Amino acid sequence: MSVGVLLAIDSTGSMRWVHKELCNNIGSIIQQFDDESVPVRFSLVGFRDYQSSPVNWIEAMDFETAGEEEGLLADWLSNLIAKGGGNNQAESSMAGLAYGITNFEWPEVKRKVVAIFTDDFAHIPDYNIHSWNEVHEILRDNEIQQVHLFVDEKHEEGYDELDSAEYDVIRHPLVKNDRVGLEQSIRKFVKVSSSGFGGDVEIIERDISDNPFDFEVVPERDSSETVDDKGEWDPDANPFDGW
């Protein structure tokens with residue numbers, strides 16, 4: 001198993017604390033993949049609000065430039081300036097995601113994963129993105145298998161249209177300045193990216209979804225418990241009798 005990861009990071013002013021945490025912990029993240037015996041390659045995109053400031057809305061580091069050096073990733077993250085953000089109630093998260101997916105040459109890996117970090121809604125339409133269906137097509141056509149969404153509760157519902165049966169969307173809560181919570185979510189992200197569903201991964205339940213990661217875990221019944229039902233349960237009874 002090997003994994004290619006695109007980190008798409010909201011680079012507006014309110015996300016400065018996330019930049020700092022990613023910069024300080026990128027080495028730990030790489031080590032966590034190594035602990036799972038999974039080689040990983042990273043690329044990076046920093047997005048702002050194209051509609052508010054089309055000149056400096058995007059910064060990027062592709063897989064080839066990033067290489068396999070932890071220091072290059074940390075340097076890029078440390079130089080990513082959190083600034084700006086329009087007053088139009090959204091950022092260019094989907095445009096930034098599409099930019100990284102379509103402009104970078106992905107390495108030969110078994111699994112392609114993207115992770116989005118944001119605390120705002122997504123502009124749709126936006127730069128080179130006209131609809132949510134187009135976002136779905138970009139993810140599908142480029143064989144993205146997992147989308148990890150780190151977003152605050154206030155704006156989570158704004159990404160409901162991101163869901164699709166063609167890839168998995170895994171949601172992680174983002175609480176402002178909760179560094180411990182972010183670290184725990186990143187550990188879950190690594191676990192799921194490396195090996196599929198991890199037992200301790202809490203996924204936000206959706207009302208309607210084809211996402212195999214969205215389900216309610218039913219507690220295991222103690223064998224000593226009895227079934228509360230009319231009559232006595234017969235283990236040899238045929239459930240189709242009487243049809």
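Residues numbered from 1 in each chain as written. Predicted model: local features only at pLDDT ≥ 70, side-chain atom pairs only at ≥ 80, totals over all residues. Heavy atoms only, no water.

*Asks:* Looking at this structure, how should I read the layout of surface pockets?
*Replies:* Using a probe with the size of a water molecule, rolled over the atoms, empty space left in the structure can be pinpointed. Looking at the largest pocket, its volume works out to about 200 Å³. Taken together, 16 residues form the lining of the largest pocket, with Ile30, Pro39, Val40, Arg41 and Glu68 sitting closest to its centre. The set of elements that each furnish at least two residues to the lining of the largest pocket consists of α1 (16-35), β2 (40-47) and α3 (70-79). (1 Å grid on protein atoms, 1.4 Å probe; cavity = no way out; pocket = protein on both sides within 12 Å on 5 of 7 lines; lining within 4 Å. Points joined across faces, edges and corners; volume = space filled by probe spheres on them. Helix = DSSP H or I, 4+ residues; strand = E, 2+ residues; numbered from the N terminus.)

*Asks:* What should I look at first to understand the packing of α1 against α3 in this one?
*Replies:* Look at α1 against α3: their axes get within 8 Å of each other, and the N-to-C directions meet at 155°. Here α1 is positioned roughly antiparallel relative to α3, judged by the angle of their axes. Between α1 and α3 the crossing geometry is right-handed. Here Leu22, Cys23, Ile26, Gly27 and Ile30 of α1 come into contact with α3, specifically with Glu70, Leu73, Ala74, Leu77 and Ser78. (Axes fitted to C-alpha atoms, helices over the stretch in contact; angles between N-to-C directions. Parallel < 35°, antiparallel > 145°, perpendicular 65-115°, else oblique. Left-handed = near helix turned anticlockwise from the far one by under 90°. Contact = heavy atoms within 4.5 Å.)

*Asks:* What should I look at first to understand the sheet that holds strand β5 (residues 146-151) in this one?
*Replies:* Adjacent strands of a sheet pair through backbone hydrogen bonds, lying either parallel or antiparallel. Strand order in the open sheet formed by six strands is β3-β2-β1-β4-β5-β6, and the pairing between neighbours is mixed. The outermost strands of the open sheet, each flanked by one partner alone, are β3 (58-61) and β6 (168-173). Ignoring strand direction, the axes of neighbouring strands in this sheet form an average angle of 15°. Sheet topology note: the strand β4 (residues 111-118)/β5 ladder contains six bridges and is parallel. Pairing of Ala115 across the sheet is with His148, part of β5. Taken strand by strand, helix α7 (residues 179-195) contacts β1 (3-10), β4, β5 and β6, and its axis lies near 175° from that of β5. (Pairing = 2+ DSSP bridges.)

*Asks:* Looking at this structure, how should I read the packing of aromatic side chains?
*Replies:* For any pair of aromatic rings, geometry is given as the distance between the ring centres together with the angle between the planes. Inspection of the entire model under this criterion finds 12 aromatic pairs. A ring pair is formed by Phe33 and Phe189, whose centres lie 6.2 Å apart and whose planes are at 85°; its orientation type is edge-to-face. With Phe33 in helix α1 and Phe189 in helix α7, this residue pair connects regions lying 156 residues apart in the sequence. For the residue pair Phe33 and Phe189, the accessibility class agrees, reading buried in each case. Here a set of aromatic residues connected by ring pairs shows up, and it is made of Tyr50, Trp57, Phe63, Tyr99, Phe104, Trp106 and Tyr127. (Phe/Tyr/Trp six-rings, centres within 6.5 Å; stacked < 30°, edge-to-face > 60°. Buried < 20%, exposed > 50% of the residue type's maximum accessible area, 1.4 Å probe, protein only.)

Function-wise, these values are silent; they only describe arrangement.
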